[in-house]
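These are the residues of each chain, in order.
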Amino acid sequence: LAKLDGEGNLLEYRFTTSLVRVRGQLTYDQVNELYGQDERLGALCRLSRLMRERRIAQGALLLPLPEIHLKVGGDGGISVDLVSQETPSKILVAELMILYNWLAARFCKDHGVPILYRCQAKPSEVVPIDDPNDLYCVLKQRGKLSPLELRTEPKPHNGLGLDIYTNASSPIRRYFDLVIQRQIRNCLLGMRPPYGSEELEKTRITLDPMLRELERLKRNRTRYWILKYLGRHVGEIFPALVMGMGRTKYRIVLTDFLLVTEMKRQDGQGLSEGDRILVKVKKSDP
């Protein structure tokens, strides 16, 4: 339970065992339509933007990319859509999740509860981004980010602009979050935490490579279906962005799919990084 003032400043907070009563199940689209008329939703959306601005002022890197939505029909038809994450409802959910995880980490540190912290060092290079919709700069900066780490000792999460962070907001779908919830719950009930530092270290050693593998599987699954889609559109032309150059190839991203691939260099092309081009699909092998 967090209390904030009208400018989004945190005044006080506390964790408690509680029962949440859902009074309305709203979709993202419904919130986007309602927040202008609903006083509570409007206040939450405004506060979420203020919290995001504060994180940016603290060094957070705002690197938005659309989410790739893939649909495979019963007839085998494939559709690929890019869905913006920069809507009021998406920002609201993201910022309240970040607030919750930040406070969970603070609570555990202040109460001496051992947990796993999510940490990220500063990027190897900061790319100047005047426009957060500049896909070239966003992708370039994402390539300079330091890897996420799991630690039993708190360190900053520089990507989010926070001094401390963990994952505790999704215990139903992530085991990591369930572990943190169990630690907090026992603390609130005056009981010893179920996991000591040694058990958490063992959990960290197990979880770290597993989380990386899950991300790899997710990327490969998405890439497979995009390649499958492109295999049915051989000969068609798509917009692309030049991301880098080698001796014999350009590294490009197909902007309709956020798909990074390579293209052979040809005499007289003279392309530069950041150039927007059109490419024709010759083949696609998923």
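Everything below is about the structure shown above.
Report on the accompanying structure.

What counts and what doesn't
Residue positions are given per chain, counted from 1 along the sequence in the order it is written. The predicted origin of the model limits local features to residues at a pLDDT of at least 70 and limits the giving and counting of side-chain atom pairs to 80 or more, whereas totals for whole chains, interfaces and linings rest on all residues. In computing side-chain values, all of the structure's heavy atoms are included and hydrogens and water are not. Within 6.5 Å between ring centres, the rings of Phe, Tyr and Trp (the latter by its six-membered ring) count as paired, and their orientation is classed by plane angle as stacked under 30 degrees, edge-to-face over 60, tilted in between. Here a strand is any run of E in DSSP of at least two residues, a helix any run of H or I of at least four, and the numbering for each starts at the N terminus. Whether a residue is buried, partly exposed or exposed follows from its accessible area with a 1.4 Å probe, protein chains only, as a fraction of its type maximum: under 20%, in between, or over 50%, in that order. Here, a salt bridge means any Lys or Arg side-chain nitrogen found within 4 Å of an Asp or Glu carboxyl oxygen. The axes used here are C-alpha line fits, helices contributing only the stretch in contact, and every angle between their N-to-C directions lies in the interval 0 to 180 degrees. To sort the angles, those under 35 degrees are grouped as roughly parallel, those over 145 as roughly antiparallel, those from 65 to 115 as roughly perpendicular, and the leftovers as oblique. Left-handed describes a crossing whose near helix is turned anticlockwise from the far helix by less than a right angle; the clockwise case is right-handed. The contact rule is simple, with two residues in contact once any of their heavy atoms fall within 4.5 Å. When residue character is reported, Ala, Val, Leu, Ile, Met, Phe, Trp, Tyr, Cys and Pro are called nonpolar, Asp, Glu, Lys and Arg charged, and the others, Gly included, polar. Among the buried residues, those of types Ala, Val, Leu, Ile, Met, Phe, Trp, Tyr and Cys that are joined through side-chain atoms within 4.5 Å form a nonpolar core. Only when DSSP finds a minimum of two bridges between them are two strands counted as paired.

## Observations regarding the packing of aromatic side chains
- Counting across every chain of the model gives six aromatic pairs.
- Ring plane angle 55 degrees and centroid distance 5.2 Å describe the contact between phenylalanine 15 and phenylalanine 107, whose orientation is recorded as tilted. Here the residue phenylalanine 15 occupies a position in the loop between β2 (10–13) and α1 (28–34), and phenylalanine 107 occupies one in helix α3 (residues 88–110), the gap between them amounting to 92 residues. Comparing phenylalanine 15 with phenylalanine 107, the two get one shared label, buried.

## Notes on the pattern of salt bridges
- By the definition in use, this model includes 11 salt bridges.
- Residue glutamate 273 is joined to lysine 140 by a salt bridge in which the shortest nitrogen-to-oxygen separation is 2.9 Å. With glutamate 273 in the loop between β9 (259–264) and β10 (276–280) and lysine 140 in helix α4 (residues 135–142), this pair connects stretches of sequence that are 133 residues apart.
- Taking the relative accessible area as the measure of exposure, glutamate 273 reaches 35% and is therefore partly exposed.
- When the shortest N-O distance is used, the salt bridge between glutamate 201 and arginine 204 registers 2.7 Å. Here the residue glutamate 201 and the residue arginine 204 both occupy positions in helix α6 (residues 197–231), the gap between them amounting to three residues, near one helical turn.
- According to the relative accessible area criterion, glutamate 201 is partly exposed, its value standing at 26%.

## Describing the packing of α3 against helix α5 (residues 175–188)
- Across the interface, α3 lies against α5 with an axial gap of 11 Å and an inter-helix angle of 55 degrees. Regarding the angle of α3 to α5, the classification is oblique. At the point where α3 passes α5, the crossing takes the left-handed sense. In this structure, α3 contributes Tyr100, Ala104, Phe107 and Cys108 to the contact, and α5 contributes Gln181, Ile184, Cys187 and Leu188.
- Among the residues forming the contact of α3 with α5, the class breakdown is seven nonpolar, one polar and no charged.

## Observations concerning the nonpolar core
- Ranked by size, the top nonpolar core spans 28 residues in total, and within it Trp102, Ile180 and Ile184 carry the most contacts.
- Elements supplying a minimum of two residues to this core: α3, β5 (117–120), α5 and α6.
- The biggest single contributor to this core is α3, with eight residues.
- Setting aside anything within four residues of it in sequence, one finds isoleucine 184 in contact with Phe15, Ala104, Phe107 and Cys108.
- Grouped together as the second largest cluster of nonpolar side chains are 19 residues, Leu230, Ala240, Val242 and Val279 included.

## Quick look at the side chain of histidine 157
- Structurally, histidine 157 can be placed in the loop between β6 (148–151) and α5.
- In this view, histidine 157 contacts Arg118, Gln120, Leu148, Leu162 and Tyr165; residues no more than four positions away in its chain are not counted.

## A few points about the pairing of strand β4 (residues 78–83)
- In this structure, strand β3 (residues 67–72) lies alongside β4, joined through six bridges in antiparallel fashion. Looking at the pairing, leucine 70 lines up with valine 80 of β4.
- The antiparallel hairpin formed by β3 and β4 contains five residues in its connecting segment, where glycine 76 sits at a positive phi of about 90 degrees.

## Structural notes on the packing of α5 against α6
- For the pair α5 and α6, interaxial distance at closest approach is 11 Å and the crossing angle is 155 degrees. Relative to α6, α5 is oriented roughly antiparallel. Crossing handedness for the pair α5 and α6: left-handed. Residue-level contacts link Tyr175, Phe176, Val179 and Gln183 of α5 to Leu200, Thr203, Leu207 and Leu211 of α6.
- Considering only residue class, the contact of α5 with α6 consists of six nonpolar, two polar and no charged.

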